[in-house]
Amino acid sequence: MKLIEVANYEEMSQKAADIIISQVKKKPDSVLGLATGSTMLGTYQQLVQDHQQNGTSYRNVRTVNLDEYIGLSLDHPNSYRYYMNQHLFFHIDIPLSQTYIPNGASDDVEAECKRYEQLIENLGGIDLQILGIGRNGHIGFNEPGTSFSAPTHVVELAPSTRQANARFFPSLEDVPRQAITMGIATIMKSRHIVLLASGTAKAPIMVKLFEGTVTADVPASVLHTHPNVTVIADEEALSLV
Ligand code: GLP
């Protein structure tokens, strides 16, 4: 696991964007694994700015998102589809038909999980997967205790995750209780993984991550067993390490 220490959120976002841009330049039809959450906003802003100023093209890129809430319509302002469209896809030249997110509005979510897992395989796997980290160590929506061998599956969200994400919803009651997430096995098949962490809220979990113990209690700790992981973290996130 390679650690890049940066001063702040802006620098983290710039470094992450640089890695994504060089991946796309190296392989224009890359499969990018994308994440949502506050952590990613700056990175997507940098990608949009670079696309506008330098013309980096995403015409042949395919994207697969980590996760989606169950029960929100695709155009619901809190769906991850809406987030991705608003913050990235509408502002770059990627055809929307090449952007994939689990369909949390499906009538048959179990079948949707199988379809999504197969889709990623059919795309040839993920070249570069970007991850945030939950305060409890979740990656995607793989909550503590999730088996490392799980493929894309339905999860019950931990109360602490619903609380952490309640800031985006009118009230805690409105936060969905379930989601579809790529499994840890899905994520671990990615050829390169970049995990981003910023701010003091992530400091305690970064301590656990860097302790080095690989345990299902800290889902992100599985990354110690992957050969090509880059962590980009800022001073606040690393303040207790
Ligand atoms: C959410 C998402 C994750 C994200 C994490 C951190 O619940 N499912 O993919 O990485 O929590 O979110 P944030 O960046 O807002 O701290």
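The protein is annotated in an unreviewed UniProt entry as Glucosamine-6-phosphate deaminase from Saccharococcus thermophilus. One UniProt comment on the protein, placed under Sequence similarities (unreviewed entry), says "Belongs to the glucosamine/galactosamine-6-phosphate isomerase family. NagB subfamily." One UniProt comment on the protein, placed under Catalytic activity (unreviewed entry), says "alpha-D-glucosamine 6-phosphate + H2O = beta-D-fructose 6-phosphate + NH4(+)".

(A) Up close: the sheet that holds strand β7 (residues 153–156). One open sheet holds the three strands; their spatial order is β4-β8-β7, and the pairing between them is antiparallel. On the outer flanks of this sheet lie β4 (67–69) and β7, each paired with one strand and no other. For this sheet, the mean angle separating the axes of adjacent strands, direction not counted, is 25°. Pairing analysis gives four bridges linking β7 to strand β8 (residues 178–181), with the strands arranged antiparallel. Considered in β8, the bridge of Val155 is made with Ala179.

(B) Main features of the site of the ligand. Near the ligand there are 14 residues, and of these Gly37, Ser38, Thr39, Gly132 and Gly134 occur at the shortest range. Within the residue set of the shell around the ligand, elements represented by two or more residues are α2 (38–54) and α5 (159–165). The class makeup of the residues in the shell around the ligand is four nonpolar, nine polar and one charged.

(C) Fine view of the sheet that holds strand β1 (residues 2–6). Here we have seven strands laid out as an open sheet, ordered β1-β10-β9-β6-β2-β3-β5, and parallel in their pairing. The open sheet terminates on both sides in strands that have one partner only, identified here as β1 and β5 (99–100).

(D) Highlighting the UniProt feature "active site" (unreviewed entry) in the protein. In the numbering used here, UniProt assigns the "active site" (unreviewed entry) feature to Asp67, Asn136, His138 and Glu143. Following the sequence through the fold, Asp67 ends up in strand β4. A count of 22 C-beta atoms within 10 Å places Asp67 in the buried class. Residue contacts for Asp67: discarding those within four places in its chain leaves Tyr80, Pro102, Gly140, Phe141, Ala179, Ile180, Thr181 and Met182. Along the chain, Asn136 turns up in the loop between β6 (128–131) and β7. Classification of Asn136 as partly exposed rests on a count of 18 C-beta atoms within 10 Å. Those residues in contact with Asn136, other than ones at most four positions away along the chain, are Glu143, Pro144, Ala158, Ser160, Thr161 and Ile205.

(E) Region of interest: the environment of His87. Tracing the backbone shows His87 in helix α3 (residues 80–87). Spatially, the C-alpha atoms of His87 and Thr43 are 9.9 Å apart, while their sequence positions differ by 44 residues. Excluding anything up to four places from it in sequence, His87 contacts Leu41 and Tyr44.

(F) Structural view of helix α4 (residues 109–122). The end-to-end C-alpha distance of α4, which contains 14 residues, comes to 20 Å, matching closely the 20 Å that a straight helix rising 1.5 Å per residue would cover. Within α4, the full set of buried residues consists of Glu112, Cys113, Tyr116 and Ile120. Within α4, the buried residues cover an arc of 105° as seen down the axis, which keeps them to one side. Facing away from the buried side of α4, by more than 90 degrees, are the exposed residues Glu110, Ala111, Gln118, Glu121 and Asn122.

Quick notes on the rules
- Once a new chain begins, its residue numbering starts again from 1 and follows that chain's sequence as written.
- Totals for whole chains, interfaces and linings use all residues, but because this is a predicted model, local features are given only for residues with pLDDT of at least 70 and pairs of side-chain atoms are given and counted only at 80 or more.
- UniProt positions are given in the numbering used here, feature names are shortened, and annotations may be inferred rather than shown by experiment.
- A pair of strands is treated as paired once DSSP finds two or more bridges between them.
- Here a helix means four or more residues in a row that DSSP labels H or I, a strand means two or more in a row labelled E, and each is numbered from the N terminus.
- Angles here are taken between N-to-C directions and fall from 0 to 180 degrees, while the axes themselves are lines fitted to C-alpha atoms, restricted in helices to the stretch in contact.
- The criterion for a residue being near a molecule or strand is simple: its C-beta atom, placed using the backbone, must lie within 6 Å of it.
- Side-chain classes are defined by residue name, with Ala, Val, Leu, Ile, Met, Phe, Trp, Tyr, Cys and Pro counting as nonpolar, Asp, Glu, Lys and Arg as charged, and the others, Gly among them, as polar.
- Residues with at least 20 other C-beta atoms within 10 Å of their own are called buried, those with 12 or fewer are called exposed, and the rest are partly exposed. The C-beta atoms themselves are positioned from the backbone.
- The contact criterion used is a C-beta to C-beta distance within 7 Å, with each C-beta placed from the backbone.
- Take the number of residues in a helix, subtract one, and multiply by 1.5 Å to get its expected span.
- The arc under discussion is defined with respect to the helix axis, by the directions toward the C-beta atoms.

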